[in-house]
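Listed here are the chains, written in short residue letters.
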Amino acid sequence: MMTFDICTLFPEMFETFTKTSIIGRAVAQGLIGVCTHQIREYSADEKHRKVDDYTYGGGAGMLMQAQPVYDCVSAVLGKADAGDRTHVIYLTPQGRVLTQEVAKELTAYDRLVLLCGHYEGVDERALEALDADGISIGDYVLSGGELAAMVLTDTVARLLPGVLGNEESAQTESFDEGLLEYPQYTRPEVWMEKRVPQILISGDHKKVDEWRREQALQRTKERRPDLYAAYQKRQEADG
Ligand code: 6GU
């Protein structure tokens, strides 16, 4: 079983996530574990449970202090089983970008410890001491790492054996090839005077496959020229 240990100031944000849909089912089936850890509980300041302070050098905002962050993650690592392959991740817009490839790489671990920053981030010394792997979910700024931790957990978990049902797992293939999905339709055949493409109701599976592939290529070319160029390059290299 793969465990996701999430160190955060806002564990409540994960309550619905861990109970709902595919992730909720995977947790209920014991295929994954998702545990949250309140960083504030590791504050050395017993009176106010303070975890943040002003930044040296000045500038706006507060920074999470090294000590509570380090102690929280260390406590989690200390409770890991002896043989566990563990990996500490810090969710940050300064990290390498999460892709399907990175997600696949992370499935090699038994335990991912996900550190969620808040305010302006975390004292760099804690990140160094923990040898944290910085990961971003894209080029935009979130108010904290929690949403990113959920995105990462979902992306990695659905790659694990048994997490997707048979029905759902067939859907995974297209992006693996680096292409966008083709358009899809369900009943009714006509809706607001719009017909389902005739070829999809023809019963000719070979024609349907060809049409879908063509649509996937066309879409990728139009909407994601970067992915399309990479796809073409792989084709040329016969990848
Ligand atoms: Cl991982 N954290 C924050 N705060 N913002 C982000 C992000 C992470 N990834 C993209 N934007």
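Refer to the structure above for everything that follows.
Computed from a prediction, not measured in an experiment: that's the story for all the values here.

**Some remarks on unusual backbone geometry**
Residues apart from glycine generally show negative phi values, whereas peptide bonds are mostly found in trans. Here the residue pair Arg187 and Pro188 is connected by a cis peptide bond, since its omega of 5° sits within 30 degrees of zero. At Met192, a position not held by glycine, the phi torsion is positive, near 50°. Checked against the element boundaries, Met192 lands in the loop between strand 8 (190-191) and strand 9 (194-195).

**Examining the site of the ligand**
Around the ligand sit Leu91, Thr92, Pro93, Ile135, Ser136, Ile137, Gly138, Tyr140, Leu142, Gly144 and Ala148, and that is every residue in its neighbourhood. Taking Ser136, its side chain carries an N or O atom lying 3.4 Å from a nitrogen atom of the ligand. With respect to the ligand, the backbone of Tyr140 contributes an N or O atom lying 2.5 Å from a nitrogen atom. For the ligand, whose accessible area on its own is 290 Å², the fraction buried by protein is 96%. Listed by contribution, the elements that provide at least two residues to the shell around the ligand are strand 5 (86-97) and strand 7 (133-136). Broken down by element, the residue count for the shell around the ligand peaks at three residues, all from strand 5.

**Details of the environment of Leu106**
In this structure, Leu106 sits in helix 4 (residues 100-106). By relative accessible area, which is 0% here, Leu106 ends up buried. Taking C-alpha positions, Leu106 is 17 Å from Thr92, a pair spaced 14 residues apart along the chain. Every residue in contact with Leu106, bar those within four places of it in the chain, is listed here: Met2, His87, Ile89, Leu112, Ile135, Leu152 and Val156.

**Let's talk about the pattern of salt bridges**
This structure, assessed with the given rule, holds eleven salt bridges. With a closest N to O distance of 3.1 Å, Asp110 and Arg85 form a salt bridge. Taken as a pair, Asp110 in the loop between helix 4 and strand 6 (111-116) and Arg85 in the loop between helix 3 (66-78) and strand 5 lie far apart in primary sequence, 25 residues in all. Look at Asp110 and you get buried, because its relative accessible area is 19%. Put simply, Asp5, Asp84 and Arg111 are held in one network by salt bridges that share partners.

Calculation criteria
Note on numbering: residues in each chain are counted from 1, in written sequence order. Only residues with pLDDT of 70 or above have their local features reported here, since the model is predicted, and side-chain atom pairs are shown and tallied only from 80 upward, although totals for entire chains, interfaces and linings are computed over all residues. The side-chain values count all of the structure's non-hydrogen atoms but skip hydrogen atoms and water molecules. We count a stretch as a helix when DSSP gives it H or I for four or more residues in a row; a strand needs E for two or more, and each element gets its number in order from the N terminus. Any residue with a heavy atom lying within 4 Å of a molecule or strand is counted as near it. Polar contact criterion, stated in full: a pair of N or O atoms within 3.5 Å, where within protein one must be able to donate a hydrogen and the other to accept it, and residues adjacent in sequence count only if both atoms are side-chain atoms. In short, Shrake-Rupley with a 1.4 Å probe defines the accessible areas, and a residue's cover is counted only from the protein chains shown. Think of it in three bands: residues with accessible area under 20% of the maximum for their type are buried, residues over 50% are exposed, and the middle band is partly exposed, with areas taken using a 1.4 Å probe on protein chains only. By definition, residues are in contact when any of their heavy atoms lie within 4.5 Å. For salt bridges, the criterion is a side-chain nitrogen of Lys or Arg within 4 Å of an Asp or Glu carboxyl oxygen.

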